[in-house]
Amino acid sequence: MEKKMRAQSAHCLVLPYTTQGHINPMLQFSKRLQHKQIKVTLAITRFIFKTTMHQLSSSVAVETISDGYDEGGRAQAESREAYLARFQQVGEQTLADLVEKLRDTGHPVDCIVYDSFLPWALDVAKRLGLVGAVFFTQSCAVDNIYYHVYNQLLKLPVTGPKVLVPGLPLLEPSDLPSFVYDLGSYPPLYRMVVNQFSNIDKADWVLCNTFYELEQEVVDWMAKLWRLRTIGPTLPSIYLDNRLQDDKAYDLNLFKPNTDGCIQWLDEKPDGSVVYVSFGSLAELGIEQMEELAWGLRASNKYFLWVVRASEEAKLPKDFVEETSRKGLVVSWCPQLEVLAHKAIGCFVTHCGWNSTLEALSFGVPMVAMPQWSDQSTNAKYVADVWGMGLKAKLNEKGIVRGSEVEDCIREVIEGEGGEEIRRNAVKWRELAKEAVDGGSSDRNIGMFVAELVNS
Ligand code: UDP
């Protein structure tokens with residue numbers, strides 16, 4: 001009893017970066033902390049708060065800071081560079097103000113868990129005498145590549161047919177994150193991912209949304225540098241261990257789910273017969289790639305559920321939706337977890353964003369990887385060659401995945417002989433993901449983090 005009371009007095013302020021793929025895992029981690037009797041406050045921007053509060057159903061307390069764009073969010077910024085600079089400037093001040101405000105409520109903050117994309121938050125934490133825990137929302141393999149770039153242990157531009165990064169398999173240059181192998185493609189984002197390591201040595205904890213069994217070698221290597229703990233996958237509890245009451249969904253949607261009867265539509269389809277296609281919240285496909293993908297889906301003759309965000313819709317071939325309506329359903333955003341968990345789903349054609357990858361893995365859904373940018377190429381390499389739970393679609397000389405390749409990969413993964421092992425591995429990873437969270441490695445790591453917070 002005494003321990004519990006002390007535990008409840010520890011208070012974490014959790015600060016995610018402002019995109020869906022960062023808010024989801026950090027809000028989910030918050031719920032896990034809360035379940036272990038830690039008080040948690042999630043800090044989101046005023047703009048996100050304003051636009052999502054009507055549907056915010058989470059049990060985690062929410063407060064706001066400012067990124068300097070309270071009226072229009074990121075879209076208002078003239079460039080990404082400008083957005084990040086302003087976020088830091090205004091964010092530092094408003095984060096410190098929030099800590100101050102919470103002190104006055106009688107529940108002072110003990111620790112800031114901040115997104116690795118916002119390293120300035122650690123400076124705020126240290127200035128205020130708080131524990132600082134950095135939270136990485138990408139894979140440890142990817143994090144380790146950026147670490148090597150930051151410290152110039154990996155010299156750029158990469159030359160040679162193979163790249164060696166400790167803890168990772170031999171990589172081709174194109175398996176590296178796009179900001180690294182395609183140097184100069186997005187300078188502000190390149191600086192952001194590399195600068196995740198600018199002050200990491202001052203962090204008290206390094207938390208990663210992955211699980212030990214999935215990335216053992218690289219985790220072991222990185223854990224020699226910092227107090228690194230793997231705490232994922234951060235899917236809602238209902239899908240993993242079912243120990244957290246009411247943790248059934250991600251709770252904070254930046255996009256309006258257009259469910260359009262997705263689930264009813266899936267209910268009518270045979271088990272394992274549907275191809276689910278999604279490229280996450282940010283990736284933009286070229287028109288030609290979109291056409292090839294559409295062509296490939298149609299040629300596969302499988303049922304498909306395709307998420308095409310409103311901003312991408314104009315790229316769909318004319319009349320495609322009507323012409324394929326017997327086989328396919330195109331929606332602008334869907335409840336991805338419910339979809340991937342559905343027994344009608346047979347394969348996932350994906351950009352291999354890290355959350356989507358962990359989700360597919362946790363549901364045992366085999367993947368066809370079509371990485372677009374950022375860390376997706378590295379995730380796709382692991383999916384295909386390390387975890388053996390999917391195929392990486394091959395690019396033609398113009399860097400495009402042809403429709404016929406999409407079709408071949410889908411067939412192979414769903415029903416091909418070579419796909420058998422992929423389907424078996426998918427089930428194996430599903431079990432290991434569940435174990436990690438259900439009293440296994442990730443659960444123990446969260447317990448360790450909590451215990452130290454409480455006892456310090
Ligand atoms: N997602 C969703 N509905 C969709 C598409 C995606 O809920 O129609 C969610 C998905 O479950 C995942 C997140 O959005 O949690 C996307 O994150 P990911 O890291 O895969 O990709 P990003 O959007 O960051 O590129």
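See above for the structure.
Right, let's walk through the structure included here. Fair warning: this is a prediction, and the values are worked out from it, not measured in the lab.

### Digging into the sheet that holds strand β4 (residues 111-115)
Item 1. Read across the open sheet, the seven strands follow the order β3-β2-β1-β4-β5-β6-β7; overall the sheet is parallel. A single partner strand is all that each edge strand has here, and the edge strands are β3 (61-65) and β7 (228-230). The mean angle between the axes of side-by-side strands here comes to 25 degrees, regardless of whether they run parallel or antiparallel.
Item 2. Pairing between β4 and strand β5 (residues 131-136): five bridges, direction parallel. Bridge pairing links Y114 to V134 in β5.

### Brief notes about the site of the ligand
Item 1. Around the ligand, a shell composed of 19 residues is seen, among which S281, C334, N355, S356 and E359 lie nearest.
Item 2. At 3.0 Å, a side-chain N or O of H351 approaches an oxygen atom of the ligand.
Item 3. One of the side-chain N or O atoms of N355 is found 2.9 Å from an oxygen atom in the ligand.
Item 4. Listing elements by their share of the shell around the ligand, those giving two or more residues are α2 (20-35), β8 (274-278) and α14 (354-363).
Item 5. Ranked by residue count, the leading element in the shell around the ligand is α14, at four residues.
Item 6. Of the residues that constitute the shell around the ligand, the class distribution is seven nonpolar, eleven polar and one charged.

### Concerning helix α16 (residues 403-415)
Item 1. In this model α16 runs 18 Å from its N-terminal to its C-terminal C-alpha over 13 residues, within 8% of the 18 Å that 1.5 Å per residue would give.
Item 2. Listed as buried for α16 are G403, E405, V406, E407, C409, I410, V413 and I414.
Item 3. Elements in contact with the buried residues of α16: β8, α11 (287-300), β11 (345-350), β12 (367-369), β13 (390-392) and α17 (419-437).

### Re the packing of aromatic side chains
Item 1. Using the criterion set out here, one finds 25 aromatic pairs in the structure.
Item 2. Their ring planes at 70 degrees and their centres at 5.6 Å tell us that Y147 and F197 sit as a pair that is edge-to-face. One end of the pair, Y147, is in helix α6 (residues 140-150); the other, F197, is in the loop between α8 (187-194) and β6 (205-208), and 50 residues separate them in sequence. Take Y147 and F197: they sit in the same class, and that class is buried.
Item 3. Ring plane angle 25 degrees and centroid distance 4.9 Å describe the contact between Y276 and F348, whose orientation is recorded as stacked. Placement of the pair is Y276 in strand β8 and F348 in strand β11, with a sequence separation of 72 residues. Comparing Y276 with F348, the two get one shared label, buried.
Item 4. Taken together, the ring pairs connect F136, Y147, F197, W221 and W226 into an aromatic cluster.
Item 5. When the ring centre of Y69 is taken as origin, the NZ or CZ atom of R86, which lies over that ring, is 4.8 Å away.

### With respect to the layout of surface pockets
Item 1. Considering only enclosed or pocket space, the second largest pocket measures out at about 290 Å³ in volume.
Item 2. As for the second largest pocket, its lining consists of 17 residues, of which I345, F363, G364, V365 and R430 are closest to the centre.
Item 3. Elements represented by at least two residues in the lining of the second largest pocket include exactly α13 (336-341), β11, α16 and α17.
Item 4. The element best represented in the lining of the second largest pocket is α17, accounting for four residues.
Item 5. Here the residues of the lining of the second largest pocket sort into ten nonpolar, four polar and three charged.

### Some thoughts on unusual backbone geometry
Item 1. Residue P157 is reached from L156 by a cis peptide bond, and omega for that bond is -5 degrees.
Item 2. Each neighbour pair has its own omega, and for G232 with P233 the value is 0 degrees, a cis peptide bond.
Item 3. Among the structural elements, P233 can be located in the loop between β7 and α10 (262-267).
Item 4. Phi angles above zero are rare outside glycine, and D246 is one such case at about 65 degrees.
Item 5. Counting through the fold element by element, D246 comes out in the loop between β7 and α10.
Item 6. Residue D246 is classed as exposed on the basis of its relative accessible area, which comes to 64%.
Item 7. Unusually for a residue other than glycine, N301 sits at a positive phi of about 65 degrees.
Item 8. For N301, the location among the structural elements is in the loop between α11 and β9 (303-307).

The rules behind these values
Residues numbered from 1 in each chain as written. Predicted model: local features only at pLDDT ≥ 70, side-chain atom pairs only at ≥ 80, totals over all residues. Heavy atoms only, no water. Pairing = 2+ DSSP bridges. Helix = DSSP H or I, 4+ residues; strand = E, 2+ residues; numbered from the N terminus. Axes fitted to C-alpha atoms, helices over the stretch in contact; angles between N-to-C directions. Near = heavy atom within 4 Å. Polar contact = N/O pair within 3.5 Å; in protein donor to acceptor, adjacent residues only side chain to side chain. Nonpolar A, V, L, I, M, F, W, Y, C, P; charged D, E, K, R; others polar. Expected span 1.5 Å × (residues − 1). Buried < 20%, exposed > 50% of the residue type's maximum accessible area, 1.4 Å probe, protein only. Contact = heavy atoms within 4.5 Å. Phe/Tyr/Trp six-rings, centres within 6.5 Å; stacked < 30°, edge-to-face > 60°. Lys NZ or Arg CZ within 6 Å of the ring centre and 35° of its normal. 1 Å grid on protein atoms, 1.4 Å probe; cavity = no way out; pocket = protein on both sides within 12 Å on 5 of 7 lines; lining within 4 Å. Points joined across faces, edges and corners; volume = space filled by probe spheres on them.

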